Amino acid sequence: MADATWTLASWNVNSIKVRAPQVADWLGERRPDVLALQELKVTEAAFPREAFEELGYRVLVHGQKTWNGVAILSRGEAEEVRRTLPGMEDDPQARFLAARVDGVLVVDVYVPNGQAVGTDKYDYKLRWLDALARWFEEELDPAEPIALLGDFNIAPDERDLWDPEAFRGEVLFSEPERAALRRLIDWGLSDVFRRFHEDGGHYSWWDYRQAAFRRNMGARIDLILVTSPLLERALSAEIDRAPRKLPRPSDHAPVLATFRRP
DNA sequence: ATGGTCGTCTAACGA
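Residues numbered from 1 in each chain as written. Chains lettered and ligands numbered in written order. Predicted model: local features only at pLDDT ≥ 70, side-chain atom pairs only at ≥ 80, totals over all residues. Heavy atoms only, no water.

A word on the protein's contact with DNA strand B
Rule in force here: Whether a residue is near a molecule or strand is decided by its heavy atoms; if any one of them lies within 4 Å of it, the residue is near. The term polar contact refers here to a pair of N or O atoms within 3.5 Å; inside protein, the definition further demands a hydrogen-donor-capable atom paired with an acceptor-capable atom, and it admits residues adjacent in sequence only when both atoms are side-chain atoms. Ten residues, namely Ala, Val, Leu, Ile, Met, Phe, Trp, Tyr, Cys and Pro, are considered nonpolar, four, namely Asp, Glu, Lys and Arg, are considered charged, and the remaining ones, Gly among them, are considered polar.
The environment of DNA strand B is made up of 17 residues, and the closest members are Ser-15, Arg-19, Arg-209, Gln-210 and Arg-248. For DNA strand B, a phosphate oxygen lies 3.1 Å from a polar atom in the side chain of Arg-19. With respect to DNA strand B, the side chain of Arg-209 contributes an N or O atom lying 3.3 Å from a base nitrogen. In terms of residue class, the surface near DNA strand B is made up of four nonpolar, six polar and seven charged.

Below, the structure is given as structure tokens:
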């Protein structure tokens, strides 16, 4: 059936082995055209692809054992574009997957968490973000329909954190990370959620500890960034908190954006 | 109170 709308979604599932039934249920309910997954924590061979293929989704996986891992599920045909960032081909961490779906370049990212400012992991996060921005600047065109989505592990501004003063200068909200995100925005990407919602208090991640979800102590770090050909077609954006309320949830909620069909 | 909770594997470590 030729739907008039086209929906992109992103979800950090924190283990696809644990979360596959929840993801399959959610796909059956919401039927996004594309779902970008992060934190699979499985190899490509161990990815439970049948659960999603039965629902009519094609499956592209860039996985690894134990950590990281990203996948793109799509109702339409997906042509893999690349699975490593230029300049980071030797990086063993599976955090990147780009594919063309329905004429849109879909770039799924699991940006390094960074642990804490000043650590080796933080330096790796900044290097990884620099390589990502450089790829966009040197090889891509903001006049093309491109969606960069996933877990950025960066809160764009004060509205995106439950306690911005506690996080100022810390990982998720330090100035170099925010500058790296602004560099992508300045290249020609827009945060679709902010096209439709201007107020704070909308989060996509809540720590498992301290009853953080119940108290809405969270951060909006899962983003859908799009170039202007897609932004002009945007109809709505949403964070779906329902799966976060289920037993054994991921610590992240899925985020969605709907467009007139490209 | 410098913790708490998950998921990886079954001891710490990453988030």
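Still more to cover.
Digging into the nonpolar core
Stated formally: The definition of a nonpolar core used throughout is a set of buried Ala, Val, Leu, Ile, Met, Phe, Trp, Tyr and Cys residues joined through side-chain atoms within 4.5 Å. A simple rule labels every residue: compare its accessible area, found with a 1.4 Å probe on the protein chains alone, to the largest value its type can have, and call it buried under 20%, exposed over 50%, or partly exposed in between. We call two residues in contact when some of their heavy atoms are within 4.5 Å.
One finds Leu-8, Val-106, Val-192, Ile-224 and Phe-259 to be the most contacted residues of the largest nonpolar core, which totals 32 residues. Apart from the residues within four sequence positions on either side, Val-106 is in contact with Leu-8, Val-34, Ile-72, Leu-97, Ala-98, Ala-99, Val-101, Ala-147 and Leu-149. The next biggest cluster of nonpolar side chains, apart from the first, holds 28 residues, and it includes Tyr-124, Leu-129, Phe-152 and Leu-181.

Observations regarding the pattern of salt bridges
Put simply, the test is: Each salt bridge in this description consists of a side-chain nitrogen of Lys or Arg and a carboxyl oxygen of Asp or Glu lying within 4 Å of one another. Put simply, DSSP H or I for four residues or longer makes a helix, DSSP E for two residues or longer makes a strand, and each gets a number counted from the N terminus.
Applying the stated criterion across every chain yields a total of 23 salt bridges. For Arg-220, the salt bridge identified is with Asp-160, shortest N-O distance 2.8 Å. Within this pair, whereas Arg-220 is found in the loop between strand E11 (218–219) and strand E12 (222–226), its partner Asp-160 is found in the loop between strand E8 (146–151) and helix H4 (164–167), the two being separated by 60 residues in sequence. Given the relative accessible area of 1%, Arg-220 is considered buried. Put simply, Glu-175 and Arg-178 hold a salt bridge, and the shortest N to O gap is 3.8 Å. Residue Glu-175 and its partner Arg-178 are located together in helix H5 (residues 175–188), separated by three residues, close to a single helical turn.

Some points on the packing of helix H3 (residues 120–139) against H5
Our working rule: Note on geometry: axes are lines fitted to C-alpha atoms, helical ones only across the stretch in contact, with angles between N-to-C directions running from 0 to 180 degrees. Note on angle classes: values under 35 degrees are labelled roughly parallel, values over 145 roughly antiparallel, values of 65 to 115 roughly perpendicular, and the remainder oblique.
Closest axis-to-axis distance for the H3/H5 pair is 10 Å, and the angle between their directions is 10 degrees. Between H3 and H5, the crossing angle belongs to the class labelled roughly parallel. When H3 is examined against H5, the residues Tyr-122, Lys-125, Leu-126, Leu-129, Asp-130, Leu-132, Ala-133, Arg-134, Phe-136 and Glu-137 are found in contact with a partner set consisting of Pro-176, Glu-177, Ala-180, Arg-183, Leu-184 and Trp-187.

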